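This is what each chain is made of:
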Amino acid sequence: MEDLVLESLTEDKVTYRYYPEGGEKFGIVSLMRKTGKRIHDKPCPGERSVYAGQA
């Protein structure tokens, strides 16, 4: 399980911070709203990439 926090929202892009397992370390993931493309801006240190995919 992970927590998501909205970082920013524009017409083109939405960006979230994700906290794996409710921890204090976080990663940042963006979604291009028009294309649906996901961008892993900053992976969460020490965590598997599966959390970024779920975000």
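Scroll up a little and you will see the structure.
Residues numbered from 1 in each chain as written. Predicted model: local features only at pLDDT ≥ 70, side-chain atom pairs only at ≥ 80, totals over all residues. Heavy atoms only, no water.

Caption draft 1: Region of interest: the pattern of salt bridges. Under the defined criterion, the tally for this structure stands at three salt bridges. The closest approach of N and O atoms between Arg-17 and Glu-7, which form a salt bridge, is 2.6 Å. Pair noted here: Arg-17 is in strand E2 (residues 13-20) and Glu-7 is in strand E1 (residues 2-9), with a separation of ten residues, a long-range link. As a salt-bridge pair, Glu-11 and Lys-34 come within 3.9 Å of each other at their nearest N and O atoms. Taken together, the residues Glu-11 in the loop between E1 and E2 and Lys-34 in the loop between strand E3 (27-32) and strand E4 (38-42) connect sequence positions 23 residues apart. Assigned by exposure class, Glu-11 and Lys-34 land together as exposed. (Salt bridge = Lys/Arg side-chain N within 4 Å of Asp/Glu carboxyl O. Helix = DSSP H or I, 4+ residues; strand = E, 2+ residues; numbered from the N terminus. Buried < 20%, exposed > 50% of the residue type's maximum accessible area, 1.4 Å probe, protein only.)

Caption draft 2: Fine view of the sheet that holds E4. Across the sheet, which stays open at both edges, the four strands sit in the order E1-E2-E3-E4 with antiparallel pairing between neighbours. Sheet topology places E1 and E4 at the edges, where each strand pairs with a single neighbour. On average, adjacent strands in this sheet sit at an angle of 30° to one another, irrespective of strand direction. In the sheet, E3 pairs with E4 via four bridges, with the strands oriented antiparallel. In the sheet register, Val-29 faces E4, and the bridge partner there is His-40. (Pairing = 2+ DSSP bridges. Axes fitted to C-alpha atoms, helices over the stretch in contact; angles between N-to-C directions.)

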